[in-house]
Amino acid sequence: MGYILQMTDLHIDLDYVVGTKADCGEPMCCREVNGKGAAREWGEYTCDINAITFDKVVEHVAENFNPDFIVLTGDSPPHDVWEQSIEENVACMIGTSTPFQKHFPDTPVIPALGNHDIFPIGQYRGPKYDQWWYSKMISAWEPWLNKEQLDQFHYGGFFKREVTPGLVVLSLNPNYMLSQNIWLWLNESGADIGGQLKWIDAELSAVQSVGKKALVLMHIPPGDASAVVDYAKQYTALLAQYSETVVGVISGHTHNDHFEVVRGGAGEPLVNVFISPS
């Protein structure tokens, strides 16, 4: 499978201002509205990362590592969810993708959607309703995806890519199982939103039939407390069914470094879910 670089939950703050308060007592600090303070050029632990620092991080990685491919597992915008806008979130998506295009121009990059990426936060309704948002986001990811992948992403926020010979990456939209997604609660029938579960089944079956392997990207781990259990069980059932084909799941969302294990009916370990910190 080679070497993979994962970055997740970047939460870049394009409004970070050096010399503002870093300990403002508010959910977001280091901004002009917080008043004068001691926020430093390279950032503060109490604030979201600024654009200069993020670019330098990606530059440092490019100078010291040579990954076979890169996965970005969601959540580009900062935590100012009460005052976000379409324009701000799109700018943040572009702000996190541009350094990779600059410092890794020849390395495949496979992105995945997070709950913070859409506006309003977490509100993914499904095909026919979210296309307006995907159309705006495509400018950030277009350099990395071909037309088939872009069309699939534009449909439901998920797609596949064979990133190295024999390894297919499925980039999922797990926001269809997010408990804070009000549209999920209105889905009283429990329908498979966007047909994503059916799509996963078909794609993993196809990968398995030709002896290839699959790597799954999903911002929200299926065992996370923010996932609706009935929906999460459907994802884990598919992972268990194709455990000999799925080499692993890469997630984020929790901002912690840990892992989950998808188990079979007898409790046997089948698939690892690797969860990276912010």
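Attention here is on the structure that accompanies the text. Keep in mind that this is a model prediction, so the values were computed, not measured. (Residues numbered from 1 in each chain as written. Predicted model: local features only at pLDDT ≥ 70, side-chain atom pairs only at ≥ 80, totals over all residues. Heavy atoms only, no water.)

Focus on the overall build of the chain
Across its full length, the chain carries seven helices and nine strands. Taken over C-alpha atoms, the radius of gyration comes to 19 Å for the chain, in line with the 19 Å a tight globule of 278 residues would show. With respect to the principal axes defined by its C-alpha atoms, the chain has extents near 60 × 45 × 40 Å. Entry remark: accessible area of the chain is about 13000 Å², with carbon and sulfur atoms responsible for 54%. For the chain, the distance from the average position of its 17 positive side-chain charges to the average position of its 35 negative side-chain charges is 4 Å. (Helix = DSSP H or I, 4+ residues; strand = E, 2+ residues; numbered from the N terminus. Rg over C-alpha atoms; globule rule 2.2 N^0.38 Å. Areas by Shrake-Rupley, 256 points an atom, 1.4 Å probe, with all protein chains shown as cover. Lys, Arg positive; Asp, Glu negative; His and termini not counted. Charge placed at Lys NZ, Arg CZ, Asp CG, Glu CD.)

Describing empty space enclosed by the protein
A water-sized probe, rolled over the atoms, reveals where empty space remains. Applying the stated criterion across every chain, the model contains two cavities of 30 Å³ or more. A volume near 90 Å³ is recorded for the largest cavity. Along the wall of the largest cavity there are 15 residues; nearest its centre are Leu72, Gly74, Ser76, Thr96 and Trp141. When its residues are assigned to classes, the lining of the largest cavity shows eight nonpolar, five polar and two charged. Roughly 40 Å³ of volume is contained in the second largest cavity. (1 Å grid on protein atoms, 1.4 Å probe; cavity = no way out; pocket = protein on both sides within 12 Å on 5 of 7 lines; lining within 4 Å. Points joined across faces, edges and corners; volume = space filled by probe spheres on them. Nonpolar A, V, L, I, M, F, W, Y, C, P; charged D, E, K, R; others polar.)

Description of the packing of helix H3 (residues 131-141) against helix H4 (residues 147-156)
Think of two packed helices as two axes; the pair is described by the angle between the axes and how far apart they sit. Orientation of H3 relative to H4, taken along the N-to-C sense of each, is 145°, at an axis distance of 8 Å. Where H3 crosses over H4, the two elements pack in a sense that is right-handed. Residues Gln131, Tyr134, Ser135, Met137, Ile138 and Trp141 of H3 lie in contact with H4, whose contacting residues are Leu150, Phe153, His154, Tyr155 and Gly156. (Axes fitted to C-alpha atoms, helices over the stretch in contact; angles between N-to-C directions. Left-handed = near helix turned anticlockwise from the far one by under 90°. Contact = heavy atoms within 4.5 Å.)

Remarks on the pattern of salt bridges
The full count for this structure, using the stated rule, is eleven salt bridges. Across the pair Asp55 and Lys102 runs a salt bridge, and its minimum N-O distance is 2.9 Å. Of this pair, Asp55 sits in helix H1 (residues 51-64) while Lys102 sits in helix H2 (residues 86-103), placing them 47 residues apart in sequence. Connected through salt bridges with shared partners, the residues Asp13, Asp15, Arg31, Asp80, Glu83 and Glu88 form a single ionic network. (Salt bridge = Lys/Arg side-chain N within 4 Å of Asp/Glu carboxyl O.)

Some points on the nonpolar core
Grouped together as the largest cluster of nonpolar side chains are 71 residues, with contacts concentrated most on Phe100 and Trp141. For this core, the element with the highest residue contribution is H3, accounting for six residues. Counting seven residues, the second largest nonpolar core, distinct from the first, contains Cys29, Cys30, Ala39 and Cys47. (Core = buried A, V, L, I, M, F, W, Y, C linked by side-chain atoms within 4.5 Å. Buried < 20%, exposed > 50% of the residue type's maximum accessible area, 1.4 Å probe, protein only.)

Here we look at the environment of Gly74
The residue Gly74 is located in the loop between strand E2 (69-72) and H2 in this model. Judged by relative accessible area, which is 10%, Gly74 ranks as buried. Here the alpha-carbon distance between Gly74 and Asn115, two residues 41 residues apart in the chain, equals 7.5 Å. If near-sequence neighbours (up to four positions away) are discounted, Gly74 is found in contact with Thr8, Asp9, Leu10, Ala112, Leu113, Gly114, Asp117 and His219.

A closer look at the packing of aromatic side chains
Evaluation of the coordinates by the stated rule reveals eight aromatic pairs. Centre to centre, the rings of Phe54 and Phe100 are 5.9 Å apart; their planes meet at 65°, and the pair counts as edge-to-face. Separated by 46 residues along the polypeptide, Phe54 in helix H1 and Phe100 in helix H2 bring together distant segments of the chain. As far as burial versus exposure is concerned, Phe54 and Phe100 are alike and both buried. (Phe/Tyr/Trp six-rings, centres within 6.5 Å; stacked < 30°, edge-to-face > 60°.)

So, the side chain of Arg31
Summarising the element assignment, Arg31 is placed in the loop between strand E1 (4-7) and H1. Classification of Arg31 by relative accessible area gives buried; the value is 7%. Side-chain polar atoms of Arg31 contact the side chain of Glu83, separated by 2.7 Å. Setting aside its immediate chain neighbours within four residues, Arg31 contacts Asp13, Asp15, Thr20, Pro78, Asp80, Glu83 and Glu88. (Polar contact = N/O pair within 3.5 Å; in protein donor to acceptor, adjacent residues only side chain to side chain.)

So, a nonpolar patch on the surface
Together, Ile182, Trp183 and Leu186 make up an exposed nonpolar region whose accessible area comes to about 300 Å². You can see Leu186 is positioned in the loop between helix H5 (182-185) and helix H6 (196-209). (Patch = residues over 30% accessible without salt bridge, like charges linked within 9 Å, V, L, I, M, F, W, Y side chains within 5 Å.)

Function cannot be read off these values alone, since they describe shape.
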